[in-house]
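# Working through the structure, step by step
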Amino acid sequence: MLRTAGSNDEMRAMSGRLLIPVIMCGGAGTRLWPVSRESMPKQFVPLVEARSTFQQVLSRIRDRTIFDRPIVITNSDFRFVAAEQMRECAIEGDIVLEPMRRDSAMAVAVAAVLAGARDRASIVIVLAADHVVRDQGAFAQACREAIAAAAEGRIVTFGVQPTFPATNYGYIRPGAKLGGGAALAVESFVEKPDAATAGRYIAERYLWNSGNFVFRADVMLGEIERFEPEIAKAAQAAVGGMAKDLDFLRLPVEAFAEAPKKSIDYAVMELTGHAAVVPVDCGWSDVGSWSAVWDALGHDADGNAAAGSVVFLDSHNSLAHSDEAILTAVVGVDNLVVVTTPDAVLVTSRGKAEQVKGLVEQLKAQNREQAVRHLRVYRPWGYYQAIDNGSRYQVKRIVVKPNAMLSLQKHAHRSEHWVVVRGTAEVTIGSEILTIHENESTYIPIGSVHRLANPGKIPLELIEVQVGSYLGEDDIVRLTDQYGRS
């Protein structure tokens, strides 16, 4: 028996409710190294257009006739990036911070508890932040179809017609039609088969699982309680102990850590009797590898795909991705991937692109910083980016958002020289406050208490040269928080 919320009239009313979008932003995206790294994973970087995939998801949930105020679940390290990208999209929502990674089952459980706090029978759509959808109209129509099935107690996923025997997707065997809509019953739900099995699934008309789910909060939480009671208990305790932190909602470490690591596919979808699927043709891609990026981008007459400053000559069916406007020239190759960033270059065949994840693990084992960190580091006030460094100096580019302020601080082992190249800086050195304009500079002696702020309406950009016997974050003594408050 499916769970019901009440009478048929109540069901019809529920099918007209808004979906609560829950965007999951916690992944690391190591298959898309070196552009995607743990310090700035793929969902927050532009891969197939000027906006990040997270911002593309935000654009898909703008329709207030379908979607309610969103909930964003992300890692604490990404909180300021997520907030800034939401601000750029003029979308407000609740940003919930996970203290550690516990895979998708815990994130979905937290989402069900949070949505259930609004209304236990509220209807939720869980969306991955790193997916691309080309046809937003088809996606919106699939959401409407899914609402009707979810209102009747189904846990609905969107099924995509396979184009090749992928081994990194879940597969769905669709069954009989449910009611008068597009939703179908799910006869079987299986995770990531080998290549031979995937080929058989395609022949038998299985669908790919897109990883997007629509469900009533009470139904999903009930299934998690049934199959994974430890996850349900941890989610309820974590939400119960949630604390406000600036504009964020922070889940407590102790309760969150009690949840086992498990995907929602293994935890619920392979076991539940409530699963349904809505087939959708919306130009979906999970952009899970560089080969998938090649698929998602437009191609020239020779089948090449380019992003950034790229030139091809006598090359075919290849991808070149150049970061930070570094010219990348590719000559005389076929089926190749070339990715250029300021501090790392990747070259692989398209057929071996999935192995990049293993490469990143090897780089981590070698303690290579490029495995996890970008040269650009984001902060609540803006970002800084390393330009050059030596044994006794370091050069950075610093960008401060309008009306933002760094912490009051001092350095015990280094001095700093600041040159403003754009905007206006307000610089505090001891008791003195200076206004530094474009093409002007100032000097911060060793041991001086100082602070940098941007009082203007445009971003402040400056070049910082550090000189001293010790260079790094550990040399900073912060006298106030990152917002300049005591």
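The structure we're discussing is the one just above.
Here's a quick rundown of the structure. Per chain, the residues get numbers from 1 upward, laid out in the order the sequence is written. Given that this is a predicted model, residues contribute local features only at a pLDDT of at least 70 and side-chain atom pairs are listed and counted only at 80 or more, while totals for whole chains, interfaces and linings are drawn from all residues. Side-chain measures here rest on the full set of heavy atoms in the structure, leaving out hydrogens and waters.

## Side note on the pairing of strand 9 (residues 207-216)
Throughout, exposure labels follow a simple rule: accessible area from a 1.4 Å probe, protein chains only, divided by the maximum for the residue type, with under 20% read as buried, over 50% as exposed, and the rest as partly exposed. Think of it this way: any DSSP run of H or I at least four residues long counts as a helix, any run of E at least two long counts as a strand, and we number them from the N terminus. Counting buried positions over the 10 residues of strand 9 gives 10, a clear majority of the element. The criterion for strand pairing is that DSSP finds at least two bridges linking the strands in question. Here 4 bridges tie strand 4 (residues 123-128) to strand 9, and the two strands are oriented antiparallel to one another. When the sheet's bridge partners are listed, I125 is paired in strand 9 with V214. Alignment of strand 7 (residues 171-177) against strand 9, held across 2 bridges, turns out to be antiparallel. Bridging from a neighbouring strand, Y171 pairs with W208 of strand 9.

## Some points on the packing of aromatic side chains
Any two rings among Phe, Tyr and Trp, with Trp reduced to its six-membered ring, count as a pair given centres within 6.5 Å; such a pair is stacked if its planes are under 30 degrees apart, edge-to-face if over 60, and tilted if neither. Under the criterion given, the structure shown has 11 aromatic pairs. Between F139 and F158, the aromatic rings sit 6.1 Å apart at their centres with planes inclined by 75°, giving edge-to-face as the arrangement. Here F139 is found in helix 5 (residues 136-151), whereas its partner F158 is found in strand 6 (residues 155-160), with 19 residues between them in sequence. For the residue pair F139 and F158, the accessibility class agrees, reading buried in each case. Consider the rings of Y378 and Y383, whose centres lie 5.5 Å apart with planes at 50°: the pair is tilted. In this structure Y378 comes out as partly exposed when scored by relative accessible area, which is 35%. Residue Y383 is classed as buried on the basis of its relative accessible area, which comes to 13%. Counting every residue linked through ring pairs, the aromatic cluster contains F164, Y169, W208 and W284. Directly above the ring of W294 sits R350, whose terminal nitrogen or CZ lies 3.5 Å from the centroid. Each ring is checked for a lysine NZ or an arginine CZ that lies within 6 Å of its centre and within 35 degrees of its normal; such an atom marks a charge sitting over the ring.

## Description of the sheet that holds strand 21 (residues 382-389)
Spatially, the 6 strands line up as an open sheet ordered 20-21-22-29-24-27, and their pairing is antiparallel. With one partner strand each, in any of the chains shown, strand 20 (376-379) and strand 27 (441-444) form the two edges of the open sheet. On average, adjacent strands in this sheet sit at an angle of 20° to one another, irrespective of strand direction. As paired strands, strand 24 (residues 414-422) and strand 27 are joined by 4 bridges and run antiparallel to one another. Within strand 27, the residue paired with E416 across the bridge is I444. Working convention: axes come from line fits to C-alpha atoms, limited for helices to the stretch in contact. Angles between N-to-C directions cover 0 to 180 degrees.

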